[in-house]
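A structural walkthrough
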Amino acid sequence: MKQTVRIIETSLRDGQQSLWATRMTTAMMLPVLPLLDALGFEAIEYTSAAAMEVCIRHLKENPWERMRLVRQQVKQTPLGMICAPVFSVSSKGLLPDDLLELYLKTCARNGIHSFFLLDGLNDMRNLEVPIRAVKEAGGRALPSITYSISPVHTDEHFASKVADLKRFGADAIVLKDPSGILTPERVRTLVPALRRAGEGMPVYCHSHCSTGLGPANNLEAVTSGATGIWTVAEPLANGSSLPNTESMVRHLRRMGHSVEFDDHKLRQVAEHFHRVAVRHGKPLGRPAEYDPVCYIHQMPGGMVSNFLAQLAPRWTGIVAKEI
């Protein structure tokens, strides 16, 4: 079935987290925001609780000021963030419900509209409070079901989680593949199972490229009825990051789907991040060679660059390539 595919842009959040260990400064972001805003993405996902912590701990920036500066530059497109409610803000322990509500509503007041919510263990009870807080703040709640591989993680198991998300008032369901271990064959059965359980709720696919299959998973998800996908600009794509926006747009059009983006502006966005990477010694994304070990450790793509940086003898701003 041919459709208009929705794309959420996440170079400023997942792209930089997965390749640059979340060390993108506000100054690196601001010049490209008008271009991103003009392209017509469903949302521009640009921050997270982890990114806000890095702002303070490593970049010596005020994350709330960054949020306001970004909102000033992005005037048309909804801004988005990802939030793992159980370990929000400091990732050092549980966050009380009232503080979690205050945090999410404050983010909404400062310009965030689209909230990508997750619980790594798929304990949907942990998403009830954040979904309620987001909806009360007038935001859009996109809770995820985190993909993993084990004898327990069947299509039926994942689909059984949808009932709680519907009851909590979710706006959509996200099939989240943080470790890049999803396969097109599994997408072919899992996305329809989630759609049936959701009874009309939109289903999105968020798949990393750690095994090289992220682009194929996205295309199969759309073929199987998914409403939208997450992508990043070319210099921040692939590897442990997400699929490249330009290539996804090209492939989706070839399949007959409608993706209304200005290709010239997409190229300008990629050129901006390429200049930033060269100027600041940041790594450029490249396709990952298939590695079956990914299916054993199942490490999320967003953790890989931070993990390598922490193992490096001294953080220099460049993710260690050899440990």
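The following paragraphs examine the structure supplied in this document. Bear in mind the structure is a predicted one, so any value in this text is a computation, not a measurement. Every chain is numbered on its own, with residues counted from 1 as its sequence reads. This being a predicted model, a pLDDT of at least 70 is required before a residue's local features are given, and a value of 80 or more before pairs of side-chain atoms are given or counted; all residues contribute to the totals for chains, interfaces and linings. Side-chain calculation: all heavy atoms of the structure are included, whereas hydrogens and water are not.

Our focus in this paragraph is the overall build of the protein chain. Scanning the protein chain from N- to C-terminus turns up 15 helices and eight strands. The proportion of buried residues among the 323 residues of the protein chain is 58%. Roughly 13700 Å² of accessible area belongs to the protein chain as shown, and the carbon and sulfur atoms make up 55% of that amount. Helix and strand labels come from DSSP, where a helix needs a run of H or I of at least four residues and a strand needs a run of E of at least two; each type is numbered from the N terminus. Only protein chains enter the accessibility calculation, which uses a 1.4 Å probe; a residue whose area is less than 20% of its type maximum is buried, one above 50% is exposed, and one in between is partly exposed. A 1.4 Å probe and the Shrake-Rupley method give the accessible areas. Residues count as covered only by the protein chains that appear here.

A separate point is the packing of aromatic side chains. Working definition: a ring pair exists when centres of Phe, Tyr or Trp rings (six-membered ring for Trp) sit within 6.5 Å. Plane angles under 30 degrees give stacked, over 60 give edge-to-face, the rest tilted. In the structure shown here, the tally under the stated rule is five aromatic pairs. Each ring, one from Tyr 204 and one from Trp 230, has its centre 6.0 Å from the other, and the planes form 70 degrees; the classification is edge-to-face. Of the two residues, Tyr 204 is situated in strand S7 (residues 203-207) and Trp 230 in strand S8 (residues 228-231); the sequence distance between them amounts to 26 residues. Among the residues examined, Trp 230 registers a relative accessible area of 1% and is labelled buried.

Moving on, we get to unusual backbone geometry. Although it is not a glycine, Ala 21 sits at a positive phi angle of roughly 55 degrees. Relative to the helices and strands, Ala 21 is located in the loop between helix H1 (11-20) and helix H2 (26-29). We classify Ala 21 as buried; its relative accessible area is 0%. Here Thr 22, not a glycine, exhibits a phi torsion of approximately 65 degrees, which is positive. With respect to the helices, strands and loops of the structure, Thr 22 is situated in the loop between H1 and H2. On the accessibility criterion, Thr 22 (4% relative accessible area) is buried.

The next subject is the sheet that holds S7. Being paired, for any two strands, means DSSP has found at least two bridges between them. Pairing in this closed barrel of eight strands is parallel, and the strands run S1-S2-S3-S4-S5-S6-S7-S8 around the ring. Direction aside, neighbouring strands of the sheet carry axes that sit 30 degrees apart on average. Relative to strand S4 (residues 112-117), strand S3 (residues 79-83) runs parallel, the two being bridged by five bridges. Counted as the bridge partner of Leu 79 is Ile 112 from S4. Contacting strand S5 (140-146), strand S6 (173-177) and S7, helix H10 (residues 184-198) crosses the sheet at an angle of about 155 degrees to S6. Simply put, an axis is a line fit to the C-alpha atoms, just over the touching stretch for a helix, and the angle between two N-to-C directions goes from 0 to 180 degrees. Contacts are residue-level and defined by heavy atoms, with any inter-residue pair within 4.5 Å sufficient.

With that settled, the discussion passes to the nonpolar core. For the purposes of this section, nonpolar cores are sets of buried Ala, Val, Leu, Ile, Met, Phe, Trp, Tyr and Cys residues that join through side-chain atoms within 4.5 Å. Grouped together as the largest cluster of nonpolar side chains are 88 residues, with contacts concentrated most on Leu 12, Tyr 103 and Phe 115. Those residues within four positions of Leu 12 in sequence are excluded, and the remaining contacts are Met 24, Met 29, Leu 33, Leu 36, Ile 44, Glu 45, Tyr 46 and Phe 273.

A word on the pairing of S4. Of all six residues that make up S4, five are buried, and the element is covered over most of its length. Crossover S4 to S5 through helix H7 (residues 125-136) is right-handed. For the handedness criterion, the strands are oriented away from the viewer, and a crossover whose path from the first strand over the helix to the second runs clockwise is classed as right-handed.

A separate point is the packing of helix H4 (residues 49-57) against helix H5 (residues 63-73). Direction vectors running N to C along H4 and H5 enclose 115 degrees, while the axes themselves pass 9 Å from each other. Contact residues: Met 52, Cys 55 and Ile 56 in H4; Pro 63, Trp 64, Arg 66 and Met 67 in H5. Put simply, Ala, Val, Leu, Ile, Met, Phe, Trp, Tyr, Cys and Pro go in the nonpolar bin, Asp, Glu, Lys and Arg in the charged bin, and everything else, Gly too, in the polar bin. Residues that form the contact of H4 with H5 fall into these classes: six nonpolar, no polar and one charged.

Throughout this description, the term salt bridge denotes a Lys or Arg side-chain nitrogen within 4 Å of a carboxyl oxygen of Asp or Glu. Within the structure shown, the criterion is met by 20 salt bridges. Glu 101 is paired through a salt bridge with Arg 132; the nearest N and O atoms lie 3.0 Å apart. One end of the pair, Glu 101, is in helix H6 (residues 97-109); the other, Arg 132, is in helix H7, and 31 residues separate them in sequence.

Time to look at the pairing of S8. Side chains Gly 228 and Trp 230 project from S8 onto one buried face, and the interleaved Ile 229 and Thr 231 project onto a second face that is buried too. As defined by bridge partners, strand S1 (residues 6-9) adjoins S8 across four bridges and the pair is classed as parallel. Of the residues in S8, the one forming a bridge with Glu 9 is Thr 231.

Attention shifts here to H5. All of the buried residues in H5 are Pro 63, Arg 66, Met 67 and Val 70. Buried positions in H5, seen along its axis, are confined to an arc of 100 degrees and lie on one side of it. Contacts described as polar in this section are N or O atom pairs within 3.5 Å, which, within protein, must combine one atom able to donate a hydrogen with one able to accept it, while residues neighboring in sequence count only if both atoms come from side chains. Between the side-chain oxygen at the start of H5 and the backbone nitrogen of Trp 64 there is a gap of 2.9 Å, and the oxygen is on Asn 62. What the arc describes is the spread of directions from the helix axis to the C-beta atoms.

On to the side chain of Glu 246. Following the sequence through the fold, Glu 246 ends up in helix H12 (residues 245-254). Assessed through its relative accessible area of 17%, Glu 246 is described here as buried. The contacts of Glu 246, once residues within four sequence positions are left out, are Glu 234, Leu 266, Arg 267 and Ala 270.

For the rest of this paragraph, the subject is the packing of H12 against helix H13 (residues 263-280). Contact pair H12 / H13: the axes reach a minimum separation of 10 Å and the direction vectors enclose 155 degrees. With respect to each other, H12 and H13 are oriented roughly antiparallel. Touching Thr 245, Glu 246, Val 249 and Arg 253 of H12 are Asp 263, Leu 266, Arg 267 and Ala 270, all from H13. Residues of the contact of H12 with H13, tallied by class, amount to three nonpolar, one polar and four charged. Roughly parallel refers to an angle under 35 degrees, roughly antiparallel to one over 145, roughly perpendicular to one between 65 and 115, and oblique to any angle outside these ranges.

The next thing to look at is the environment of Arg 196. With respect to the secondary-structure elements, Arg 196 resides in helix H10. Classification of Arg 196 by relative accessible area gives exposed; the value is 60%. Along the sequence, Arg 196 and Val 162 sit 34 residues apart, while their C-alpha atoms lie 9.6 Å from each other.

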